[in-house]
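# Fold and geometry: a report
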4 protein chains.
Amino acid sequence: MSFNTFGHMFRVSTWGESHGKALGCVVDGCPPGITFTKDEIQFYLDKRRPAQSKYTTQRREPDQVKILSGVLPEGDGLITTGAPVSMIIENIDQRSKDYSDIARKYRPGHADYVYDVKYGLHDYRGGGRSSARETAARVAAGALARRVIPRVVIRGAVIAIGPHEIDRNYWDWDEVDRNPFFSPDARTVKIFSDYLDDVRKKGSSAGAVIEVVAEHVPAGLGAPLYGKLDQDIVSGLMSINAVKGVEIGEGFSVAKLQGEENADEMRIDTDGSPIFLSNHAGGILGGISTGQLIVARFAIKPTSSILIKQRSIDADHREIDIATYGRHDPCVGIRAVPVGEAMIACTIADHFLRQRGQKGCA
Amino acid sequence: MSFNTFGHMFRVSTWGESHGKALGCVVDGCPPGITFTKDEIQFYLDKRRPAQSKYTTQRREPDQVKILSGVLPEGDGLITTGAPVSMIIENIDQRSKDYSDIARKYRPGHADYVYDVKYGLHDYRGGGRSSARETAARVAAGALARRVIPRVVIRGAVIAIGPHEIDRNYWDWDEVDRNPFFSPDARTVKIFSDYLDDVRKKGSSAGAVIEVVAEHVPAGLGAPLYGKLDQDIVSGLMSINAVKGVEIGEGFSVAKLQGEENADEMRIDTDGSPIFLSNHAGGILGGISTGQLIVARFAIKPTSSILIKQRSIDADHREIDIATYGRHDPCVGIRAVPVGEAMIACTIADHFLRQRGQKGCA
Amino acid sequence: MSFNTFGHMFRVSTWGESHGKALGCVVDGCPPGITFTKDEIQFYLDKRRPAQSKYTTQRREPDQVKILSGVLPEGDGLITTGAPVSMIIENIDQRSKDYSDIARKYRPGHADYVYDVKYGLHDYRGGGRSSARETAARVAAGALARRVIPRVVIRGAVIAIGPHEIDRNYWDWDEVDRNPFFSPDARTVKIFSDYLDDVRKKGSSAGAVIEVVAEHVPAGLGAPLYGKLDQDIVSGLMSINAVKGVEIGEGFSVAKLQGEENADEMRIDTDGSPIFLSNHAGGILGGISTGQLIVARFAIKPTSSILIKQRSIDADHREIDIATYGRHDPCVGIRAVPVGEAMIACTIADHFLRQRGQKGCA
Amino acid sequence: MSFNTFGHMFRVSTWGESHGKALGCVVDGCPPGITFTKDEIQFYLDKRRPAQSKYTTQRREPDQVKILSGVLPEGDGLITTGAPVSMIIENIDQRSKDYSDIARKYRPGHADYVYDVKYGLHDYRGGGRSSARETAARVAAGALARRVIPRVVIRGAVIAIGPHEIDRNYWDWDEVDRNPFFSPDARTVKIFSDYLDDVRKKGSSAGAVIEVVAEHVPAGLGAPLYGKLDQDIVSGLMSINAVKGVEIGEGFSVAKLQGEENADEMRIDTDGSPIFLSNHAGGILGGISTGQLIVARFAIKPTSSILIKQRSIDADHREIDIATYGRHDPCVGIRAVPVGEAMIACTIADHFLRQRGQKGCA
């Protein structure tokens, strides 16, 4: 049991707070002989890095990863030894003063109140453990996970911000890296930016929906019931701060379908291999990957730190009105894209090792 | 690591297949000194029991639970000793012949194909491990979990079948037990029955959405990130067969809200205790219970076993057309209500013990 | 976390008490496609079965195993499907009356007192969960584990009873099955029987030391520090009731050796493969198997249930004198031989799957 | 599952190698509100620190701990928040050149060979993960564990080096800190130093036996079978490098005792509380603490790095003769004393939280 670990064979433990000295992760169970470079890890961290546009927090963090254990030099890069890989990212720009006036005030939508009830105290410095900064550790672990399953391609995109949704007919993966919203639909860029400009101006924040797609996942990963691949994916996604809903394939829409509409029929492809004629299942049947695209979605609530004054109480149970100053993401869902990808990378890598353990090599 | 266990301190392992001799669960970590009766366990099993209306499978299973360990007699009932509680339910009415002709045929929407890819074989007798029968073991464990947290009331209801949704203005918990759909809205009973009659006549099946509400959950259960109460709830719900989406509180709708709309403001109640002025969070903030109602929803896909002929392949990779005869739930989502309740009962009981372990008694 | 589970990938949970209806185990994570027969399981259970000589308890238990899940018929036997294998053994000859007079009395050397302190109650019927009967479940699981690693041969023997030790120069594995003590040294049979006759006559009991040897264990199982193969072996052995010491290879004698005496030198064999010139390490170096014989030993205390009157207290904290009547093993260490073998079989099977998961197939 | 974690509720994961940049641990599940100072952690690290006498390695490491997360300032010290506590110790004096000539040579008694077989490579720099340096992380975690169970006093001592044993009649805890061997018997100091001087002169090394005693452990910690307190203690001790045997209370001697000699009789003390009249059990009965002193012993093999030339092979399977130069502990068992204490502190803290979780507060 752990409160801060996920995965079983590819096992990730994270630690660190928003305003501590550093944050990091320990990846245990990583196969030996995996080659990678620090730049590869950094590549994904840079995607998640704050202050790259006006639509994310203005906190300036270089988010440079250091790899402290579990590797040997190999060519220009590194090779895993099978020992735990400890990765660390220092906090540079924490400015604790931003938060000092609200140490005993419960910010609506934040966990301040429940932390106090649960632990008898809370780390008031920028959200403490619940800060979005923690997700940097996930992204570092996810970058390593990708190297464990090198054929699998995992990509995410924002498919809705506030009431505005992308149009799947205009989905273009290349577009995702071209705009500050990770949107796959170029036509939404102006819509999203107008909406977020408006939200920011009123001191408010916006929610979002993210979709992550995993390609070339081999069939046979997962388990029928309690080690379901979809279960571990939704668990991983729900472990991210501010997520309130998760779904696979058709997701909630499945309720409206009838049996013959929902089931993905099968045929034999021209090369003799089985194919599915549709993918309502989102690549997972009975908890086990089918070999199709795995499709997962998750909804992120609007950032709780807003400038609009709200009613709340403080630690002395006095009624207060509170607005949250400081540097915040107006839509924290945007930077959740690389985080969602990372969680799915870790989950698939974990199940790849679990399947290899139970069943042997294909 | 386990493929068939959930929970950490209140830890449930289930075993058994649709057409084996029996199924059951082992509950480890249950506190000692919990008093209960076999009838209490049976009460919840009876709610899930098949063949109670024409809208569920006609398989006749008495689903009588036997309690084999971990208890001593206490008055008219039993008391837990702290040792693992093993509960077993025999399969009576399995009729394996119903399935013999499809042993090597992959039923669309079923896990037959992925089982074969994963394990090299599959239990073709009625879905094997993936049968909805397995959920009886969850319900038995959940009934015991309720006794660990006796003040907590956990109730579920079907809120949509196919395209038809209940109207929350007419929600009546008492109505749930009066109709065969676990619907809280009396006005939907005829709508649901008409729809399902129609679906059954065409040999098809229907999806559903279930909502489960937990009342009187103490504030402070859960953890900020990887042991989030909402994460473990969605993981538990997603571990149920046929679930494709799960959400907490506002769920996916949260994406459309702005910060001030989503955050639940706080005030001091007339008795001096903190209160929230709304519950968009569904009773969980930052992974930790707030003391409000916990609200979770999950979507169940239409039963994959249908009489309508569909295209598929067999284990020899020949193309076939297949219809699935036998006895099936036309809407397996209906009987998922007590199952969803059970998963949430187990999850809350587990977190209650975890919190008591880490923090001590309140 | 679990109080009643061992192993990670080959994961065994046991349940049941001495005087309940039954006891059993659930093996989760067993690879699919393992063929075995119920007779194979029964073979090992019969080795552990009580009442086969006057040196073990006279309780008559047929110890017939039933396999309730996780298998399909295959030829004359069974094949695992990858789902959890539930095995159950009914208690037939429990005679609870034997114990009724001591329900509130704490038997010296027994766990009665600490159970009451810990749980607030204890199962007074024959030792409850702490009964040696529980080990039947381990033996059943171990028999299945052997099939997962079919090349590995695991054999145990009693090497000391009371002050009498076997002479390793006369070690004969065939002898082990010919005498009621599992002794490998024919010359000790009379010595052990004389000693135990004497012990029984005075109403006392004897301790024992057991050695288990595993042959053909592939090199490379285990892990350097916290998943050490030797650590998991001693943990498994120490999980058996009444064990007070465990050691690997030279064990405690290692303290007396100097570096060059203890290290096992290496050379290249005539067939070009590495060989060790000695085996002080007991087949495990740095937590990892070397490919040599794995040698483990454990000490079992004398049975605590004796006819000799001893000073104790009862649940009301009154001083009493107590002798324990009923049927008991005068030397419970004897029947611990198949149990120790089973624990080591499970541990090696588990690490075989773990290594396959992390590293892939050799 | 993890290869580098121990404990369940008080859960410690360690990482780092002998010659990497740093090593450390993450403690998850630590209760909130625990106050401590960095000096307290450092106090125990200083006990284990190398180069404090000629009887330990001459590697100069300050072993200064940094605490990176999970705490807030509190007075002059720190207070835990309930979030994971990450502690890190930098490697300062690693001199990798010492080892460069033996990168492909297998040192007898070391894990080099099995690492290569297992992982396909090994970290040749000073033993890599298997270095005794790793134990610094355990000591840091153990120091925090002690604060979780502040009434419990845990002390260890060397009771044998090579063939020389202490005399229990002269046991003096105060003496332990006065000599470089952690010996409780002042009369052995000269004997140990003469013996080790001799061993060092011939370029060899010595084994040792360590005893750890825990006082004021409340009765009721542990579990009857698989979560036995003694099992977790021996598992923790065996997880330390170079340990080959572990025992509790009478340990292996128990085999020679008869029932009435081994069982600890009970009486009521003058204050009305239960007392035991002896402690053969070493403070643990049926896996559960009795409230008496917990007594554990473990044997450490002689350091494998010796100057005496031995026969071995290299990674190309050529026969070689090898002596291991560099800086090594001539008796690594000496510095194992604070390490053994730490493992037992962590184990007891873990079981204290587990018991509080399952049973509630006493």
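This text gives an overview of the structure that appears in the document. (Residues numbered from 1 in each chain as written. Chains lettered and ligands numbered in written order. Predicted model: local features only at pLDDT ≥ 70, side-chain atom pairs only at ≥ 80, totals over all residues. Heavy atoms only, no water.)

For the coordinates displayed, the defined rule picks out 34 aromatic pairs over all chains. For the ring pair Tyr106(B) and Tyr113(B), a centre distance of 5.5 Å and an interplane angle of 65° mean the geometry is edge-to-face. Classification of Tyr106(B) by relative accessible area gives buried; the value is 4%. Given the relative accessible area of 10%, Tyr113(B) is considered buried. With 5.7 Å between their ring centres and 70° between their planes, Tyr113(C) and Phe276(D) make a pair best called edge-to-face. In this pair, Tyr113(C) is assigned in helix 2 (residues 112-119) and Phe276(D) in strand 14 (residues 274-276), connecting two distinct chains. (Phe/Tyr/Trp six-rings, centres within 6.5 Å; stacked < 30°, edge-to-face > 60°. Buried < 20%, exposed > 50% of the residue type's maximum accessible area, 1.4 Å probe, protein only. Helix = DSSP H or I, 4+ residues; strand = E, 2+ residues; numbered from the N terminus.)

Take the interface of chain C and chain D next. Contacts between the two partners involve 110 residues from chain C, matched on the other side by 110 residues from chain D. For the pair chain C and chain D, the number of links is eight salt bridges. For Glu319(D), the salt bridge identified is with Arg267(C), shortest N-O distance 3.5 Å. Our count for the chain C to chain D interface comes out at 56 residue pairs in polar contact (both at pLDDT 80 or more). Looking at the side of chain C that touches chain D residue by residue, the class counts come to 53 nonpolar, 35 polar and 22 charged. Bridge count for strand 12 (residues 243-248) of chain C against strand 12 (residues 243-248) of chain D is three bridges, and the pairing is antiparallel. Note on strand 12 of chain D: the bridge partner recorded for Gly245(C) is Glu247(D). (Contact = heavy atoms within 4.5 Å. Salt bridge = Lys/Arg side-chain N within 4 Å of Asp/Glu carboxyl O. Polar contact = N/O pair within 3.5 Å; in protein donor to acceptor, adjacent residues only side chain to side chain. Nonpolar A, V, L, I, M, F, W, Y, C, P; charged D, E, K, R; others polar. Pairing = 2+ DSSP bridges.)

This part takes up the pairing of strand 19 (residues 319-322) of chain A. Residue and element names in this part refer to chain A. Burial along strand 19 is one-sided: the face carrying Ile320 and Ile322 is buried and the face carrying Glu319 and Asp321 is not. Bridging between strand 18 (residues 310-313) and strand 19 involves four bridges; their strand directions are antiparallel. Residue pairing for strand 19: Ser312 is matched across the bridge by Ile320. Hairpin connection of strand 18 to strand 19: five residues between the antiparallel strands, including His317 at a positive phi of 60°.

The subject of this paragraph is the pattern of salt bridges. Counted by the stated rule, this structure contains 128 salt bridges over all chains. Close ionic contact of Asp172(B) with Arg178(B) constitutes a salt bridge, the shortest N to O distance being 3.8 Å. It is possible to trace a salt-bridge network through shared partners that takes in Arg48(A), Glu61(A), Asp63(A) and Arg133(A).

Our focus in this paragraph is the interface of chain C and chain A. Size of an interface, as often reported, equals the accessible area lost when the parts are brought together. Of the residues lining the interface, 15 residues belong to chain C; the matching set on chain A comes to 15 residues. A combined buried area of about 1,100 Å² lies between chain C and chain A, and 60% of that area is made up of carbon and sulfur atoms. Seen at the junction of chain C and chain A, the total is zero salt bridges. At the boundary of chain C and chain A, one finds nine residue pairs in polar contact (both at pLDDT 80 or more). A class-by-class count of the residues in the side of chain C that touches chain A yields seven nonpolar, five polar and three charged. (Buried area = accessible area lost by both parts, 1.4 Å probe.)

Moving on, we come to the environment of Gly207(A). Relative to the elements of secondary structure, Gly207(A) occurs in the loop between helix 5 (188-201) and strand 11 (208-215). Separated by 182 residues in the primary sequence, Gly207(A) and Cys25(A) have C-alpha atoms spaced 27 Å apart.

Below, the discussion takes up the relation of the copies chain C and chain A. Between the two chain copies there is a screw-like relation: a rotation about an axis and a shift along it. Under the fitted operation, chain C is carried onto chain A by 0.0 Å of movement along the axis and a turn of 180°, and the coordinates agree to an RMSD of 0.0 Å. Such a turn and shift between the copies fits a two-fold axis. Considering only C-alpha atoms, the residue of chain C closest to the rotation axis is Gly357(C), which sits at 1.8 Å. Comparing interface residues between copies, 100% of those in chain C also lie at the interface in chain A; the contact surface is shared. (Least-squares fit on C-alpha atoms with pLDDT ≥ 70 in both.)

What follows deals with the relation of the copies chain C and chain D. Of the two same-sequence chains, chain C is brought onto chain D (RMSD 0.0 Å, axial shift 0.0 Å) by a rotation of 180°. Most of the interface of chain C is mirrored in chain D, where 100% of its interface residues again form contacts.

So, about the state of the cysteines. All chains considered together, the criterion is met by two disulfides over all chains. Through a disulfide, Cys361(A) is tied to Cys361(C); the S-S separation comes to 2.2 Å. Looking down the S-S bond of the Cys361(A) and Cys361(C) bridge, the torsion is 100°, so its handedness is right-handed. Here the residue Cys361(A) occupies a position in the segment after helix 8 (336-359), and Cys361(C) occupies one in the segment after helix 8 (336-359), the pair thus bridging two chains. With a relative accessible area of 38%, Cys361(C) lands in the partly exposed category. Cys346(A) carries a free sulfur, and the closest cysteine sulfur to it, the one in Cys25(A), is 8.2 Å from it. For the unlinked cysteine Cys30(C), the closest cysteine sulfur is that of Cys346(C), found at 10 Å. (Disulfide = S-S within 2.5 Å.)

The next subject is the side chain of Asp28(A). Along the polypeptide, Asp28(A) turns up in strand 3 (residues 22-28). Here Asp28(A) occupies a buried position and makes no salt bridge, while the nearest side chain of opposite charge, Arg11(A), is found at 6.1 Å. A distance of 2.4 Å separates polar atoms of two side chains, one belonging to Asp28(A) and the other to Ser2(D). Within the structure, the side chain of Asp28(A) is placed 2.8 Å from the backbone nitrogen of Asn4(D), a separation counted as a polar contact. Excluding anything up to four places from it in sequence, Asp28(A) contacts Met9(A), Phe10(A), Arg11(A), Pro84(A), Ser2(D), Phe3(D) and Asn4(D). (Lys, Arg positive; Asp, Glu negative; His and termini not counted.)

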